[in-house]
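# Notes for the structure review
Letter by letter, the chains look like this.
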Amino acid sequence: MSAATATSTPVVHIDNIVAGYLPGVNILNGCSLVAEQGELIGIIGPNGAGKSTLLKAIFGQVNVRSGSVMLEGEDITGLRANKLVARGVGMVPQNNNVFPSLTIEENLQMGLYQRPGAYKERLEFVTGIFAELGKRLKQRAGSLSGGERQMVAMSRALMMNPKVLLLDEPSAGLSPVRQDEAFIRVSEINKAGVTTIMVEQNARRCLQICDRGYVLDQGRDAYTGTGRELLGDPKVTELYLGTLGT
Amino acid sequence: MDWLQIFSNSASSILSPATMAYALAALGLAVHFGFAGLLNMGIAGFMALGAYGYAISILTFGFPWWGGVLVGMGAAAVFALILGIPTLRLRGDYLAIVTIAAAEVVRLLFLTTAFDPVTGSADGLSGYHTSFRASNPIPAGTYGFGPWTFNAVDWWVRILGIVALALAVLVVWRLMASPWGRVLKGIREDEDAVRSLGKNVFQYKMQALVLGGVIAAVGGIVYALPSAVSPGVYVTSLTFFVYTALLLGGAATVFGPLIGSLIFWVLQTLLSNVLPAMVAAGVLPFMSQIQASTLRFILVGIALMLLVIFRPQGILGNKKELTFVK
Amino acid sequence: MSNNSSARRPKSKATTTASQEPKAPSAADDTHVMPSKPVERAKSTGLHIGEAAPGVAKVDPIIVADGIRRTFGGLTAVDVEHLEIPRGAITALIGPNGAGKTTLFNLLTGFDKPDAGTWIFDGTSLSGVPAFKVSRMGQVRTFQLTKALGLLTVVENMKLGAKGQKGESFWQSLIPGIWRKQDEEIEERAMELLAKFKLDAKADDFAASLSGGQRKLLEMARALMSQPQLVMLDEPMAGVNPALTQSLLDKILDLKQEGMTVLFVEHDMHMVRHIADWVVVMAEGRVVAEGDPHTVMRDPAVIDAYLGAHQELDLGVVTGRYSADAADSTTDAAASTKVKASDLEAAGMAELEDTSK
């Protein structure tokens, strides 16, 4: 779990950001988030709450109108994507996340483009977590299913040894069995030391594996606490985990 | 520099057939691009079909001049149908590419020596004015005042040009103010939304393509009416000049094309007089007179770029309606 | 199993009796209660024949679909064997992301072509019918990403929705005398509807100036201009703030009251439980469950589809991040400690191998 002390700089510190795509319309209305070194942070909430927008705010893909985003103490608000990747922000979007005309191996190599590193070492690390990719390195990424592409996209982000990994709904489009597999993989990635922030629709699974969670509603942090606290909070359960099956 | 002569020439160009032809072509393009959102990069082809249709039907088939007009309009309509059926289902940029190619195909067909007896190939066509001049009701003489002094034949051309323009404006204005126009504006913004409301989107786009094409063809006829038909006129640059005139005035308005064409032609005439005069007077020592005259085309290109970037809605347009940056 | 929907039946109205047996509906059965609180309206029951299972026949179906398949590359987006949508009721189509709900919508409304399958709307086959014709036949849809035409005014948007306008024909539009009167009537109707949706004050504003929620209302109001039989709403609540949610829900209930059938796609379970008479659950392109809102949510197939296969496990305990005594209270802590993370991973990989063969 988090080894943060009161004086260490958090890896990511989002401070009260207001952001939106269209002029005059704000999706995030004052949202804050802290991710300490080595933590697995979950972001859940209903559709339209701004979860993906929060990730995009870190990655500079939405207009941040006030507030700031800090990466290890450095203000990265509004920086272009290439600069963020060079600084170690690894973004795994939900769609359009691989280069379909390239092979899996070539996609992974693209991960090192901005932040060159030891290719063999990183490849070993990545295929250690995603064994099935190791067997199919020469396969064209365009022939993969949505869930498989997610794996490739995640691996590519991992290749560059990111300071923080941003995951946008890693379980989306997956069958129940493969969803469990995905969550376990994310947990493994985090246990290997990668600070991870994940947005998820499957709230229960997300909270079960994360260290701390943020529940977003209408662009604000409605609730926050440790994963266990949120799982046990009846208000959160009622409103956000749905009462399916309970 | 003879300023009086320069201004006189420019003023007279307000009523020149070229101005009216451009106004008609720009109006046709307004229907295509401004109202329907169709990126037609081959408007020169429609103008060529109008002009050649007119001239060929008179010279080769012996039609009266008004028969030639009908043939020119019909040829444009057929061309629009042929072009539209495969391409209207394409994304906008593909339509642009296909229409440029189609217009060039038309021009090359008129240029090739294979059809020389009918088209005159590189020499073009002329001498088709007999029946037109015969139908002139104005008695011979010179009329007008100041820079707008023309003889009876010239006035006949201009009067018909104005009548054609007025009719076209009336038709387009009526259409866009009707429910038909409403559907077209909806299609320009979002085809699927309009489809979901039960409208046959393909049919509307086709109707817009034919209408705009026919109007542009009439422009081609007016251009050729007083003089000759030359294949060198209907090149891709012509399409871009028409776009410049259209965007200058306001692409999604009815009167924008008119104002834009007017300003465009007056400026063109002004520059074609001023620039060589400046060279002669020693103001532009690094150019020859011929180069100075061609300089105006460069300026048109620059003007087009600046318009698109900084004021795409033109003079009369509404900024919210027409911006290229989504 | 399939109902002969081509036989003209009287429109089934909502019955308030809580009977679970299938009943032949008749207009005389309309004992619809109007309580003082507008939201608490009674649900329709007795819509199905026999056991509530995927593909169950309906007493009075407005849509009967058979064998619909749509694949994208190697991925099967929709694979529905049989589905019937009950007339005059509000049906919810739910399922996790990627389940195929919007694809099914697009197929039924003609915005997409299936690889195979036939479906009948009110007795007429719709396979191969283009989208604009489907709309003219009484079926109208809204979109997930609202398509309110921003460059037209609100009232122009509304007028666009009306069917059979003489002024929309090319030649007739040139003579205002032909269509002027009809246009005025349409405008009156539009203003009435706008008033009901509380958008009349904005009639002459450009639709782009409306808020997101107002645009949703406009899209719905515009869809009603064509006086449809079936209204299909694609995620009507998406991105709408709670203040407007109630108003939207009421409007949907109003539709049913006026005799229309509603089919909507949603993620918001509260909304579904609130207003749906019938629920169809999709997952991975198939219909996995059907039934009334309360029982269907307890169906194990549905729970699996939404929340993952092993609901009894706490993945935090399985992965060793948390000890058994800190386990999620809805799970079986003991079972979680016994299961190995690597086994779950292997199960996932095995499924991947299976599907890629």
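All figures in this text were calculated on a predicted structure; none of them were measured in a lab.

Quick look at the overall build of chain C now. For chain C, the helix and strand inventory stands at twelve helices and ten strands. Long-range contacts, defined as pairs at least 24 residues apart, comprise 64% of the intrachain contacts of chain C with a sequence gap of at least 6.

Tallying secondary structure elements over chain B gives 14 helices and two strands in all. Against the globule reference of 20 Å for 326 residues, chain B gives a C-alpha radius of gyration of 20 Å, in line with a compact fold. If one aligns the C-alpha atoms of chain B with their principal axes, the spans along those axes are about 60 × 50 × 40 Å. Sorting the 326 residues of chain B into buried and exposed places 48% on the buried side. Sequence-distant contacts, at least 24 apart, represent 73% of the contacts inside chain B between residues at least 6 apart.

On to the sheet that holds strand β5 (residues 124–125) of chain C, then. All names here are of chain C. Overall, antiparallel pairing links the four strands, which are arranged β2-β1-β4-β5 in an open sheet. At either margin of the open sheet sits one strand with a lone partner, and together these are β2 (75–86) and β5. Relative to β5, strand β4 (residues 116–121) is paired through two bridges, and the arrangement is antiparallel. Directly across from Phe-121, in β5, lies its bridge partner Thr-124. Together, β1 (61–72), β2 and β4 form the strand contacts of helix α1 (residues 101–108), whose direction differs from that of β2 by roughly 65 degrees.

Another point: the environment of Leu-247 of chain B. Residues and elements named next belong to chain B. Turning to its location among the elements, Leu-247 is positioned in helix α12 (residues 236–249). Given 27 C-beta atoms within 10 Å, Leu-247 falls into the buried group. Among residues more than four places away in sequence, those in contact with Leu-247 are Leu-307, Val-308, Pro-312 and Gly-314.

Taken together, the contacts link 27 residues of chain C with 24 residues of chain B. Only α2 (131–136), β6 (139–141), α3 (154–160) and α4 (176–196) of chain C provide two or more residues apiece to the side of chain C that touches chain B. Its residues assigned to classes, the side of chain C that touches chain B shows eleven nonpolar, eight polar and eight charged.

In this fold, Arg-228 of chain A is placed in helix α9 (residues 227–232). If we ignore the near neighbours within four places in the chain, the residues touching Arg-228 of chain A are Tyr-322 and Ala-326 of chain C.

Residues and elements named next belong to chain A. With mixed pairing, six strands are arranged side by side in an open sheet as β6-β7-β8-β3-β9-β10. With partners counted over all chains shown, the strands left at the sheet margins are β6 (89–92) and β10 (220–226), one partner each. Each adjacent strand pair in this sheet contributes to an overall mean axis angle of 15 degrees, direction not counted. On the sheet, helix α1 (residues 51–58) packs against β3 (40–44), β6, β7 (164–168), β8 (195–199) and β9 (212–217) and is oriented at approximately 145 degrees with respect to β7. Packed onto the sheet, helix α6 (residues 146–159) meets β6 and β7 and runs at close to 175 degrees relative to β6.

Given a rise of 1.5 Å per residue, 17 residues ought to cover 24 Å, and the 24 Å separating the end C-alpha atoms of helix α3 (residues 43–59) of chain B matches this to within 8%. Counting buried positions along α3 of chain B gives 16 out of 17 residues, so the element sits mostly inside the fold.

Per-residue pLDDT for chain B has a mean of 88; in total, 98% of the residues score no lower than 70. Mean pLDDT values for the elements of chain B range from 83 in helix α14 (residues 289–310) of chain B up to 95 in helix α11 (residues 201–224) of chain B.

Residues and elements named next belong to chain A. All of the buried residues in helix α3 (residues 104–111) are Ile-104, Asn-107, Leu-108 and Gly-111. Looking down the long axis of α3, one finds its buried residues gathered within 100 degrees of arc, a one-sided arrangement. For α3, the elements touching its buried residues are α4 (119–129), α5 (131–134) and α6.

For the rest of this paragraph, the subject is the nonpolar core. If you look at the biggest cluster of nonpolar residues, it comprises 167 residues, and the most contacted ones within it are Leu-24, Met-47, Ala-217 and Val-242 of chain B together with Val-281 of chain C. By residue number, the principal contributor to this core is α11 of chain B, which donates 15 residues. Leu-55, Met-91, Ile-104 and Ile-197 of chain A belong to the second-largest nonpolar core, a separate cluster that totals 78 residues.

Residues and elements named next belong to chain A. Phi at Glu-72 is positive, roughly 50 degrees, even though this residue is not glycine. Its place among the elements puts Glu-72 in the loop between β4 (63–71) and β5 (74–75). With a phi angle near 50 degrees, Glu-169 is a residue other than glycine that sits in the positive phi range. Relative to the elements of secondary structure, Glu-169 occurs in the loop between β7 and α7 (176–191).

Definitions and limits used
- Residues numbered from 1 in each chain as written.
- Chains lettered and ligands numbered in written order.
- Predicted model: local features only at pLDDT ≥ 70, side-chain atom pairs only at ≥ 80, totals over all residues.
- Helix = DSSP H or I, 4+ residues; strand = E, 2+ residues; numbered from the N terminus.
- Contact = placed C-beta atoms within 7 Å.
- Rg over C-alpha atoms; globule rule 2.2 N^0.38 Å.
- Buried ≥ 20, exposed ≤ 12 C-beta atoms within 10 Å, placed from the backbone.
- Pairing = 2+ DSSP bridges.
- Axes fitted to C-alpha atoms, helices over the stretch in contact; angles between N-to-C directions.
- Nonpolar A, V, L, I, M, F, W, Y, C, P; charged D, E, K, R; others polar.
- Expected span 1.5 Å × (residues − 1).
- pLDDT = per-residue confidence, 0-100.
- Arc of directions from axis to C-beta.
- Core = buried A, V, L, I, M, F, W, Y, C linked by C-beta atoms within 7 Å.

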